[in-house]
Amino acid sequence: MKDTFKKIYQLKLSIKGISPKIWRRIQVPENYTFLDLHKTIQTVMNWKDYHLHEFEVQNPKTGELEKNRGNR
C-alpha cells in the first residue's frame with residue numbers, strides 16, 4: 001500500500017439480522033485494497049478471520065450492486 005493519499009472514505013459496517021444492531025464506522029484511505037479493507041474489518045469487529053462477510057459495491061455504470069464475498 002502506498003503511504004500517500006488525498007481522500008479518506010468513511011464506511012459504516014453492520015451485521016444484518018441481529019438485534020441489537022452491531023456496527024462500526026471506519027475511515028480508510030483511498031488507496032486501500034480489498035485485502036487492506038478485509039484486515040481492517042477483522043480488526044475493528046474483533047474477528048479472527050472466521051466470520052463470513054461480503055462487500056457490496058454499486059457499479060457506477062449500471063447502478064447494480066456487485067458482491068464480493070470474503071472468508072476462506
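Everything numeric in this text was worked out from a predicted model, so none of it was measured.

S.K.: Explanation requested: the overall build of the protein chain in the structure shown.
M.R.: From N to C terminus, the protein chain includes one helix and four strands. The order of α-helices and β-strands along the protein chain, N terminus first, is β-β-α-β-β. Every one of the 72 residues in the protein chain was classed for burial, and the buried ones make up 24%. Contacts in the protein chain between residues at least 24 apart in sequence constitute 18% of all its contacts with a sequence separation of at least 6. Counting only carbon and sulfur atoms, one obtains 51% of the accessible surface of the protein chain, whose full area is about 6100 Å².

S.K.: So what exactly am I meant to see when it comes to the confidence of the model for the protein chain here?
M.R.: Where the model shows low pLDDT, its predicted coordinates should not be examined in detail. Put simply, the protein chain has an average pLDDT of 85, and 89% of its residues get 70 or more. Mean pLDDT values over the elements of the protein chain span from 68, in strand 4 (residues 65-70), up to 96, in strand 2 (residues 23-29).

S.K.: I would appreciate a short explanation of the packing of aromatic side chains in the present structure.
M.R.: Both the distance between ring centres and the angle between the ring planes are used here to describe each pair of aromatic rings. As enumerated under the stated definition, the model contains zero aromatic pairs in all. Over the ring of Trp-23 we find Lys-12, and its NZ or CZ is 4.8 Å from the ring centre.

S.K.: Sorry, what's going on with helix 1 (residues 34-44) here?
M.R.: One turn of the α-helix equals 3.6 residues, which is why residues spaced by three or four share an orientation. Of all the residues in helix 1, the buried ones are Asp-36, Leu-37, His-38, Thr-40, Ile-41 and Gln-42. Buried residues along helix 1 sit against strand 1 (8-14), strand 2 and strand 3 (53-58). Sitting at the head of helix 1, Thr-33 places a side-chain oxygen 3.3 Å from the backbone nitrogen of Leu-35. Within two residues after helix 1, Asn-46 carries a phi angle of roughly 60°, on the positive side.

S.K.: Mind showing me how you'd approach the nonpolar core here?
M.R.: Nonpolar side chains tend to gather and get buried jointly when the protein is soluble and globular. Of all hydrophobic cores here, the largest spans eight residues; its members are Leu-13, Ile-26, Val-28, Leu-37, Ile-41, Met-45, Trp-47 and Phe-55. Counting only elements with at least two residues in this core, the list comes to strand 2 and helix 1.

S.K.: Looking at this structure, how should I read a positive patch on the surface?
M.R.: A cluster of basic residues, Lys-12, Lys-16, Lys-21 and Arg-25, forms a positive patch at the surface. The topology assignment puts Lys-16 in the loop between strand 1 and strand 2. Overall, the relative accessible area of 66% leaves Lys-16 in the exposed class.

S.K.: Can you help me understand the side chain of His-38 in this one?
M.R.: As for its placement among the helices and strands, His-38 is situated in helix 1. Contacts of His-38, omitting those with residues within four sequence positions, involve Asp-49, His-53 and Phe-55.

Reading guide: rules and limits
Residues numbered from 1 in each chain as written. Predicted model: local features only at pLDDT ≥ 70, side-chain atom pairs only at ≥ 80, totals over all residues. Heavy atoms only, no water. Helix = DSSP H or I, 4+ residues; strand = E, 2+ residues; numbered from the N terminus. Buried < 20%, exposed > 50% of the residue type's maximum accessible area, 1.4 Å probe, protein only. Contact = heavy atoms within 4.5 Å. Areas by Shrake-Rupley, 256 points an atom, 1.4 Å probe, with all protein chains shown as cover. pLDDT = per-residue confidence, 0-100. Phe/Tyr/Trp six-rings, centres within 6.5 Å; stacked < 30°, edge-to-face > 60°. Lys NZ or Arg CZ within 6 Å of the ring centre and 35° of its normal. Polar contact = N/O pair within 3.5 Å; in protein donor to acceptor, adjacent residues only side chain to side chain. Core = buried A, V, L, I, M, F, W, Y, C linked by side-chain atoms within 4.5 Å. Patch = residues over 30% accessible without salt bridge, like charges linked within 9 Å, V, L, I, M, F, W, Y side chains within 5 Å. Salt bridge = Lys/Arg side-chain N within 4 Å of Asp/Glu carboxyl O. Lys, Arg positive; Asp, Glu negative; His and termini not counted. Charge placed at Lys NZ, Arg CZ, Asp CG, Glu CD.

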